[in-house]
Amino acid sequence: MEMDSTAAANYASNWFNVQNVPKSYVFPEEVRPGELPPVCHTLPVIDITKSVQADTVQHIMKASREFGFFQVINHGVPAEILLDTAKVLRDFFEMPEKESSDSGGKRNWVYGGSTSFTRNGFDLWRENLKHPCYPLKDCMEHWPEKPTGYREVVSTYVTEVNKLGNTILQLISRGLGLEVGYFDGISGVEILSANNYPPCPDPSLTLGVLKHHDPSLITILYQGNVPGLQVLKDGVWISVGAIPNAFVVNIGNQLEIISNGIVRSALHRAVTNSSEARLSIAAFINPSPNFIVEPAQALVTELSPAQYKPTLYKEFVNGTNAFGPHTKAMQRA
Ligand code: OGA
Ligand code: NI
C-alpha cells in the first residue's frame, strides 16, 4: 500500500521510508521470520466480564499452562481510552523533534530510534518510548510534555490497566490456589513501553523485537488491529491475532517462578508488515522492590519441590535481561 502524502511527509526523515531493506536490518537466515504463519485460532480469547464464574479461572489457567499467552475481551477498559492512548503515542512517534518533549532536565523517559536497537550487529525495525509508571503521581510529572495531553491520557490508561492487572492476577491466584492477598504488595504497571513498527518493504527479512521472555509478573499488551506478535508453541512460531479493543496478556518469568513452573513464560517476538505501521503498548506489571520472587509455599510439596531459587525483586531486576532467553533468577534450585 502506498502511503498518502501527509504520512509520507511525516515519515520522510525516518529510516524506513525506503524501497529496499537496508543491509543492517536483514537478519541472518536462521533468525529471520521468513513466510508469516497464519493467525492461530486456538490461542484462547477470554471474556472476563464473567470473571465470577469458575470456568473463567479454568480457561485462564489452561491458556497460561499451554501457551503462556491469552487475550482478554470485555475487560472493562473503555475503547475510547485505548484509542486516545494509541493516538497520543502515534503522535509522539511522528514528532520530528522527540527530544524537544523534555521536562526541564528531569525527564524519566527514554526514546530509542532506528539504530538504537542493534543486536549482534543487526538493527531492529522498531522505535520505542519507555518510562516508569510507579508511583504514578510522581512519575507522570517527568513524562513527555508533548504531544499536548500526553500525561493526562497515558496516566488514565495506566490507571485502567492497573485495575485490569489486579483482576487478572486475582484470577490466576485463585487458579493456582494461592492464599488470598498474595499479590497485594505489587506495584502494578511499573513500566510502560510503546513500540512503533513502521511498514517494512520485506517483512520476511526483518524483526521488530527479537525472541525473548518478559521478566514481569504479567504483561498486558495492546496491539490495536495490526498483528505482528508471535509466540513459540511446541517449537513453532504462531501469530497472535489482532482483535480490536482486546488485550494480549502473557505470563512473565516472575509468575512462572511463583507458580513453581505450573504456568509458563513463553518466548515471543514481534515481526513487521509491509502495509501499515503497527503500534504496540506493553505494560509490565511487577511487584514492589522488597517482594521475594519465589515459588509460593502452597505450591511446594514433597512431590513438587521448589524449582527456582528465591530472589528479592530488586535483585531480580539487576540480574535479569528482558531480551535474553534465560535470566539468572530463572535458574533452577
Ligand atoms: C515486549 C513485547 C511485542 C509487541 O515489549 O516485551 O514483547 O508486539 N512486545 O510489540
Ligand atoms: Ni515481550
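Because the structure is a prediction, the values reported are computed rather than measured.

A. Main features of helix 3 (residues 79-94). When the terminal C-alpha atoms of helix 3 are compared, their 22 Å separation across 16 residues agrees well with the 22 Å that a helix rising 1.5 Å per residue should span. Those residues of helix 3 that sit buried are Ile81, Leu82, Thr85, Ala86, Val88, Leu89, Phe92 and Phe93. All buried residues of helix 3 project into a common sector of 165° when viewed along the axis, lining one side. Across helix 3 from its buried face, at more than 90 degrees, point the exposed residues Glu80 and Leu83.

B. Layout of the site of ligand 1. Residues in close proximity to ligand 1 include Asn195, Tyr197, His212, Asp214, Leu221, Leu229, His268, Ala270, Arg278, Ser280, Ala282 and Phe284, which together make up its full environment. Contacts to ligand 1 include tyrosine 197, whose side-chain N or O atom sits 2.6 Å from an oxygen atom. For ligand 1, an oxygen atom lies 2.8 Å from a polar atom in the side chain of arginine 278. Of all the secondary structure elements, the ones that give two or more residues to the shell around ligand 1 are strand 7 (186-197), strand 13 (268-270) and strand 14 (278-287). Here the shell around ligand 1 takes four residues from strand 14, the largest share from any one element. Across the shell around ligand 1, the residue classes tally to six nonpolar, four polar and two charged.

C. Broad picture of the side chain of asparagine 273. Along the chain, asparagine 273 falls in the loop between strand 13 and strand 14. Within the structure, the side chain of asparagine 273 is placed 2.9 Å from the backbone nitrogen of serine 275, a separation counted as a polar contact. A distance of 2.9 Å separates a polar side-chain atom of asparagine 273 from the backbone nitrogen of glutamate 276. If we ignore the near neighbours within four places in the chain, the residues touching asparagine 273 are Pro198, Pro199, Cys200, Pro203, Val226, Pro227 and Arg278.

D. Spatial organisation of the confidence of the model for the chain. Confidence in the prediction of the chain, expressed as mean pLDDT, is 88, and 89% of residues score 70 or more. The low-confidence segment residues 1-13 (pLDDT under 50) makes 11 contacts with residues lying over four places distant or belonging to another chain. Below a pLDDT of 50 lies the segment residues 321-329, which in the model reaches 18 contacts outside its immediate sequence neighbourhood of four places, other chains included.

E. Broad picture of the coordination of the nickel ion (ligand 2). Of the protein atoms, only His212 (NE2), Asp214 (OD) and His268 (NE2) coordinate the nickel ion (ligand 2), at distances of 2.1 Å. For the nickel ion (ligand 2), the single-chain donor residues occur in sequence as H-x1-D-x53-H. Placement of the pair is aspartate 214 in the loop between strand 8 (209-212) and strand 9 (218-222) and histidine 268 in strand 13, with a sequence separation of 54 residues.

F. Fine view of the packing of helix 3 against helix 5 (residues 150-176). Here helix 3 crosses helix 5 at 135°, and the two axes come no closer than 9 Å. In terms of axis orientation, helix 3 runs oblique to helix 5. Seen along the crossing, helix 3 lies across helix 5 with a hand that is left-handed. Contacts from Ile81, Leu82, Asp84, Thr85, Val88 and Leu89 of helix 3 reach helix 5 at Tyr150, Val153, Val154, Thr156, Tyr157 and Glu160. Considered class by class, the residues forming the contact of helix 3 with helix 5 number eight nonpolar, two polar and two charged.

G. Summary view of the side chain of threonine 85. Here threonine 85 lies in helix 3. We classify threonine 85 as buried; its relative accessible area is 0%. A polar contact of 2.6 Å, which involves the side chain of threonine 85, links it to the backbone oxygen of isoleucine 81.

H. Geometry of the pattern of salt bridges. As enumerated under the stated definition, the model contains four salt bridges in all. In this structure, the salt-bridge partner of lysine 87 is aspartate 91, at a minimum N-O distance of 2.7 Å. One end of the pair, lysine 87, and the other, aspartate 91, are both in helix 3, four residues apart, so they sit about a helical turn from each other. The class for lysine 87 is partly exposed, based on a relative accessible area of 48%. Classification of aspartate 91 by relative accessible area gives partly exposed; the value is 28%. For lysine 233, the salt bridge is made with aspartate 234, and the minimal N-O distance between the two is 3.3 Å.

I. Summary view of the sheet that holds strand 6 (residues 127-132). The mixed open sheet is built from eight strands, whose spatial order is 1-2-12-9-14-7-6-3. What marks the edges here is a single partner per strand, and that holds for strand 1 (45-47) and strand 3 (110-112). Shown here is a sheet whose adjacent strand axes are inclined to one another by a mean of 25°, direction ignored. With five bridges connecting them, strand 9 and strand 14 associate as antiparallel partners. From the neighbouring strand, leucine 221 faces strand 14, where its bridge partner is alanine 282.

J. Representation of the pairing of strand 10 (residues 229-233). For strand 10, a buried count of four out of five residues is recorded, marking the element as mostly surrounded by other parts of the structure. Taken together, the four bridges between strand 10 and strand 11 (residues 236-239) define a ladder with antiparallel strand orientation. Note on strand 11: the bridge partner recorded for lysine 233 is valine 236. Linking two consecutive strands that pair antiparallel, namely strand 10 and strand 11, is a turn of two residues; a positive phi of about 50° is found at aspartate 234 within it.

Quick notes on the rules
Per chain, the residues get numbers from 1 upward, laid out in the order the sequence is written. For this description, chains carry letters from A and ligands carry numbers from 1, given in the order in which they are written. Local features in this predicted model are restricted to residues whose pLDDT is 70 or higher, and side-chain atom pairs enter the listing and the counts only when it is 80 or higher, whereas totals over whole chains, interfaces and linings include all residues. Excluded from the side-chain calculation are hydrogens and water; included are all heavy atoms of the structure. A run of H or I in DSSP becomes a helix once it reaches four residues, and a run of E becomes a strand once it reaches two; helices and strands are each numbered from the N terminus. Expected span, for any helix, means 1.5 Å times one less than how many residues it has. Partly exposed describes any residue whose relative accessible area lies between the buried limit of under 20% and the exposed limit of over 50%, with all areas from a 1.4 Å probe on protein chains only and scaled to the type maximum. This arc is built from the directions going out from the helix axis to the C-beta atoms. A single heavy atom is enough: if one lies within 4 Å of a molecule or strand, its residue is considered near that molecule or strand. By the criterion applied in these results, polar contacts are pairs of N or O atoms within 3.5 Å in which, for protein atoms, one can donate a hydrogen and the other can accept it, and in which residues neighboring in sequence qualify only through two side-chain atoms. Only Asp, Glu, Lys and Arg are considered charged in this grouping, and only Ala, Val, Leu, Ile, Met, Phe, Trp, Tyr, Cys and Pro are considered nonpolar; every other residue, Gly among them, is considered polar. Any two residues having at least one pair of non-hydrogen atoms within 4.5 Å are treated as being in contact. Values of pLDDT, ranging from 0 to 100, describe the predictor's confidence in every residue of the model. In this analysis a donor is any N, O or S atom within 2.8 Å of a metal ion (3.2 Å for sodium, potassium and calcium), and since water is not included, sites may seem incomplete. For helices, the fitted line uses only the C-alpha atoms of the stretch in contact; every axis is such a line through C-alpha atoms, and the angle between N-to-C directions lies from 0 to 180 degrees. When describing relative orientation, an angle under 35 degrees is termed roughly parallel and one over 145 degrees roughly antiparallel, while 65 to 115 degrees is termed roughly perpendicular and anything else oblique. Two helices that cross are described as forming a left-handed crossing if the nearer one is turned anticlockwise from the farther one by less than a right angle, and a right-handed crossing if clockwise. By definition, a salt bridge exists where a carboxyl oxygen of Asp or Glu is found within 4 Å of a side-chain nitrogen of Lys or Arg. The pairing criterion for strands is at least two bridges between them, as found by DSSP.

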